2 protein chains.
Amino acid sequence: MRLDYRQADFETRFAAFLTTKREVSEDVETDVRAIIKEVRARGDEALHEFSLRFDGLDTRATGLAVRSEEIDAAFSATDPDVIAALQLAHDRISSHHARQMPRDDRYTDALGVELGSRWTAIEAVGLYVPGGTASYPSSVLMNAVPAKVAGVERIVMVVPARDGALNPVVLAAAKIAGVTEIYRIGGAQAIAALAYGTQTIKPVAKIMGPGNAWVAAAKRQVFGTVGIDMIAGPSEVLVMADPDNNPDWIAADLLAQSEHDIGAQSILMTTDEAFGDAVVEAVERQLSTLSRADTARKSWADFGAVILVPDWDTSIPLADRIAAEHLEIATLNAEELAGRIRNAGAIFIGAHTPEVIGDYVGGSNHVLPTARSARFSSGLSVLDYVKRTSVLKLGPEQLQSLGSAAITLARAEGLDAHARSVSIRMNRREGS
Amino acid sequence: MRLDYRQADFETRFAAFLTTKREVSEDVETDVRAIIKEVRARGDEALHEFSLRFDGLDTRATGLAVRSEEIDAAFSATDPDVIAALQLAHDRISSHHARQMPRDDRYTDALGVELGSRWTAIEAVGLYVPGGTASYPSSVLMNAVPAKVAGVERIVMVVPARDGALNPVVLAAAKIAGVTEIYRIGGAQAIAALAYGTQTIKPVAKIMGPGNAWVAAAKRQVFGTVGIDMIAGPSEVLVMADPDNNPDWIAADLLAQSEHDIGAQSILMTTDEAFGDAVVEAVERQLSTLSRADTARKSWADFGAVILVPDWDTSIPLADRIAAEHLEIATLNAEELAGRIRNAGAIFIGAHTPEVIGDYVGGSNHVLPTARSARFSSGLSVLDYVKRTSVLKLGPEQLQSLGSAAITLARAEGLDAHARSVSIRMNRREGS
């Protein structure tokens, strides 16, 4: 798809482009509701039955919990270069996220009123890890490391083991990240177990991590009983590149998104039509050599786009409307343009910062707001694993200073008992 | 309801107490879906029809927007004492929330990699204000002031005007808080208008504020297209009080919650049975004189509780499991106990800090996590009106340092295009 800002119908086509739906949301609400009901009612027994039915695994025989020997064996079986890369990623993610730790605030104002904000870690979180090809060790690090940094005591991972098989690199990543419990279950039943608990699995307070339609529906249904992270959609990248770039580099970046999912979206924004053509040709050339060529080709054909803009000033409001999960800026004034962007999950500055570095070893989190939600939400951070309690403390004098206004507003809202709870304390000073 | 820690069945009864459902969630999904569809398809026309049908108001005649003359008139018609109290509340909320503004972070690590977190305000937010008796001016301040502090440009308020009537104090509070637009619409149609926009109303990026079952269902349905705040349930308070307290003060605090809603919950936790009895008697005495006695009596009868504990050490884990929206601690060692509590929306320390002060003029926010969600979420703050963009910047040297590890992990995940987007840049240095 090509969009040219200079064409008369650009605004209409761009507006339509923004609202293109990239995933078919299967309606599994009812099935999921039934599965959750079963797990709540029958606990482990239900988990055993569902694992046998959906994963072809007899968890009665294997046990639900993945044993430490299994985890150590997986770790030993993993290529040392991969272990070293995971360790490097872990250390960089850990040190970057440590800077996100919010500070408590306690102060006394001019009236002598004490106010405060106190942060505490969530006691226990669940981390869903998909099975099969979407089972990414890097995502284990991105979800578990911030929890560790935040001080979460229980980090409970669930991962489906189709026919008993678990990805050893995922287990190795869990060990490196400090995951405290791992269970070989998946789907809506795993989400239900995390939310409500079973004989074997103690409930958690919040559930993170991506999953298929069943997992997403289950997360929505248990929300309220536990917290959940965002419901992530297919990934996307917007690359702003000027003609000075090597078309092959930019094409590789576009394909790195496209290979994720047929619903993924790769967008090139450029000021030079010939350069845009060169990138499109490079995409075609590189496609043929990819192991996931089918996925990448479909994603690029269905949702890929080249947007031609007259100048970079014009690109800013368009980029803010796209509100891309990933924004690469490979232009001479990249730093200056980045400073003017308002809506983006993450910005990658300069031609030597491919988005892929952020997927693995940059140190920032790769769990980012998709489908234009960067307009109102942020990527995963330590803040998702802590919560704030506000603190208020008045003495008799402060109550005298503020009491009358509180009573006035309570009466204006027709809340007598509210007014009395203050007035009863203002008329007399005794009492502890 | 009375719970005594020393009794054999305490754990069973306490566990049941924790899971008591306090609201009947009406199933309005289908009606709401239809309303949203209409507003998306027909915009203002649909709003006019729904306002006529549900609010008995001809918005074709009045216009959807509340005019500045109407707002100024409401302001002038409001009792000067109320205006002064609103102004005091506004100033205290504003100065407290200003301390919550997160700071940008940009740094260069040992390898020369530049990382950063940049915070920006959400461009436009919608604030839903219920009609009728639940229409609280204080809630307008609590939702709008943090938006103003965060730097949100458009703060769009919607409020249903049953038979054309608007609460003048709500309009006065909106003026004081700096709300930029007000529309006389409510229900699911107002949420749809905020999320998708109409000819008159430009869409917002996030929707805040409480509402009835239709509003809550509409917020859930538009979530993803826009952000939403928490779905708030009925209010609750846990008061930890020792026998040194005046039973009448504590009774007043319990009733201040109970008068809100028949689903509200007031819990007294004490170490002294006789004191508990005295508070219960005081509640009965005070009930008779309340204008909202019926609501308070039903809430107290259905969900009120007195929990007897042998000592305050015992109370801490129980309070953390209750994870109360509001926690009042009126004991001699209140400060010390407060420091040991992990799960609470807000803590009010000492006998001269009734929770009601926090509802109006304390300065902290009164929008807090209900129904035990303080285990995993926080009260409303400036953070709900901003979002974070992470920034990453590498030069050729940094790409050389980190590239191999990224390629190793990409290959381990079977993502060729990911690997190529890095390797293609490592083999040659030219390009911008």
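What counts and what doesn't
Residues numbered from 1 in each chain as written. Chains lettered and ligands numbered in written order. Predicted model: local features only at pLDDT ≥ 70, side-chain atom pairs only at ≥ 80, totals over all residues. Heavy atoms only, no water. UniProt positions renumbered as here; feature names shortened; annotations may be inferred. Domains from an automatic or database assignment. Contact = heavy atoms within 4.5 Å. Buried area = accessible area lost by both parts, 1.4 Å probe. Salt bridge = Lys/Arg side-chain N within 4 Å of Asp/Glu carboxyl O. Polar contact = N/O pair within 3.5 Å; in protein donor to acceptor, adjacent residues only side chain to side chain. Helix = DSSP H or I, 4+ residues; strand = E, 2+ residues; numbered from the N terminus. Nonpolar A, V, L, I, M, F, W, Y, C, P; charged D, E, K, R; others polar. Pairing = 2+ DSSP bridges. Phe/Tyr/Trp six-rings, centres within 6.5 Å; stacked < 30°, edge-to-face > 60°. Buried < 20%, exposed > 50% of the residue type's maximum accessible area, 1.4 Å probe, protein only. Least-squares fit on C-alpha atoms with pLDDT ≥ 70 in both. Axes fitted to C-alpha atoms, helices over the stretch in contact; angles between N-to-C directions. Parallel < 35°, antiparallel > 145°, perpendicular 65-115°, else oblique. Expected span 1.5 Å × (residues − 1).

As annotated in an unreviewed UniProt entry, chain A carries the name Histidinol dehydrogenase and is attributed to Hoeflea phototrophica. For chain A, the Catalytic activity (unreviewed entry) comment in UniProt is given as "L-histidinol + 2 NAD(+) + H2O = L-histidine + 2 NADH + 3 H(+)". Recorded under Sequence similarities (unreviewed entry), the UniProt text for chain A is reproduced unchanged: "Belongs to the histidinol dehydrogenase family."

1. Structural notes on the domain arrangement of chain A
By the assigned domains, chain A splits into domain 1 (2-23 + 233-362), domain 2 (26-228) and domain 3 (394-427). If you average the C-alpha positions of domain 2 of chain A and of domain 3 of chain A, the two centres end up 46 Å apart.

2. Observations concerning the interface of chain B and chain A
Taken together, the 126 residues of chain B in the interface contact 125 residues of chain A. Carbon and sulfur atoms make up 54% of the area that chain B and chain A hide from each other, which totals about 10,900 Å². Considering only the side of chain B, the residues that lose the most area to chain A are R342(B), H352(B) and R425(B), jointly responsible for 8% of the buried surface there. On the surface where chain B and chain A come into contact, there are twelve salt bridges. A salt bridge links D253(B) to R425(A); its shortest N-O distance comes to 2.6 Å. There are 72 residue pairs in polar contact (both at pLDDT 80 or more) connecting chain B and chain A. For the side of chain B that touches chain A, the element with the highest residue contribution is helix α17 (residues 396-412) of chain B, accounting for ten residues. Looking at side-chain class alone, the side of chain B that touches chain A contains 57 nonpolar, 38 polar and 31 charged residues. The pairing of strand β13 (residues 346-349) of chain A with strand β14 (residues 386-393) of chain B spans four bridges and is parallel.

3. Some details on the packing of aromatic side chains
Residues and elements named next belong to chain A. One pass over the structure, following the stated rule, counts eight aromatic pairs over all chains. Taken together, a centroid distance of 5.8 Å and an interplanar angle of 5° make the contact between F50 and F54 stacked. With F50 and F54 both in helix α3 (residues 44-55) and four residues apart, the pair spans about one turn of that helix. Overall, F50 belongs to the buried group, its relative accessible area being 5%. Using a relative accessible area of 40% as the deciding quantity, one classes F54 as partly exposed.

4. As for the UniProt feature "binding site: NAD(+)" (unreviewed entry) in chain A
All names here are of chain A. UniProt feature "binding site: NAD(+)" (unreviewed entry): in the numbering of this structure it lies at Y128, Q189 and N212. What stands out for the annotated residues spanning 85 residues is how close their C-alpha atoms remain, the widest pair being 12.7 Å apart. Looking at where Y128 falls in the secondary structure, it is placed in strand β4 (residues 124-128). Those residues within four positions of Y128 in sequence are excluded, and the remaining contacts are V158, P160, G186, G187, A190, I191, M208, G209, P210, G211 and V215. A polar contact is formed between the side chain of Y128 and the backbone nitrogen of G187, at a distance of 2.8 Å. As for its position among the elements, N212 is in the loop between β7 (206-208) and α10 (213-222). What makes N212 partly exposed here is its relative accessible area of 43%. At 3.0 Å, the side chain of N212 forms a polar contact with the backbone nitrogen of W214.

5. A closer look at the relation of the copies chain B and chain A
The two copies are related by a screw motion: chain B maps onto chain A through a turn of 180° and a shift of 0.0 Å along the axis, at an RMSD of 0.0 Å. What the superposition gives is, in effect, a two-fold axis relating one chain to the other. Taking C-alpha positions as reference, the residue of chain B nearest the rotation axis is P102(B), located at 4.4 Å. Comparing contact sets, 99% of the residues at the interface of chain B also lie at the interface in chain A, consistent with an isologous, same-surface contact.

6. Things to note about the UniProt feature "active site" (unreviewed entry) in chain A
Residues and elements named next belong to chain A. The UniProt record annotates "active site" (unreviewed entry) at E325 and H326. Along the chain, the position of E325 falls in the loop between α14 (312-322) and β12 (326-330). A polar side-chain atom of E325 sits 2.8 Å from a polar atom in the side chain of S235. Checked against the element boundaries, H326 lands in strand β12. Residue H326 is classed as buried on the basis of its relative accessible area of 3%. Filtering out sequence-adjacent residues up to four positions away, H326 remains in contact with S235, E236, V237, L238, Q257, A346, F348, E355, D359 and L368.

7. What to know about the sheet that holds strand β5 (residues 154-158) of chain A
All names here are of chain A. Strand order in the open sheet formed by five strands is β6-β5-β4-β7-β8, with parallel pairing between adjacent strands. The open sheet is flanked by β6 (181-183) and β8 (227-228), the only strands paired with a single partner. The pairing of β4 with β5 spans five bridges and is parallel. Within β5, the residue paired with G126 across the bridge is V156.

8. Let's talk about the pattern of salt bridges
Scanning the model with the defined rule gives 54 salt bridges over all chains in all. For the salt bridge of R60(A) with E45(A), the shortest nitrogen-to-oxygen distance reads 2.8 Å. Of this pair, R60(A) sits in helix α4 (residues 59-62) while E45(A) sits in helix α3, placing them 15 residues apart in sequence. One salt bridge connects R342(A) with E153(B), and the closest N-O pair in it is separated by 3.0 Å. Here the residue R342(A) occupies a position in the loop between α15 (334-340) and β13, and E153(B) occupies one in the loop between α7 (137-150) and β5 (154-158), the pair thus bridging two chains.

9. Considerations on the packing of helix α11 (residues 247-258) of chain B against helix α13 (residues 293-303) of chain B
The geometry of a pair of packed helices is captured by two quantities: the angle between their axes and the separation between those axes. All names here are of chain B. Interaxial distance between α11 and α13 falls to 8 Å at its minimum, and their mutual angle equals 100°. By the angle between their axes, α11 is roughly perpendicular relative to α13. Contact residues: L254, L255 and S258 in α11; T295, A296, S299 and W300 in α13. A breakdown of the residues in the contact of α11 with α13 according to their chemical character gives four nonpolar, three polar and no charged.

10. A short note on helix α3 (residues 44-55) of chain B
Residue and element names in this part refer to chain B. With twelve residues, α3 extends 15 Å between its outermost C-alpha atoms, agreeing within 8% with the 16 Å of an ideal straight helix rising 1.5 Å per residue. Within the span of α3, buried status applies to D44, A46, L47, H48, F50, S51 and D55. Elements that come into contact with the buried residues of α3 comprise α2 (29-42), α4 (59-62) and α9 (187-196). Taken from the residues just after α3, G56 is the one with a positive phi, measuring 60°.

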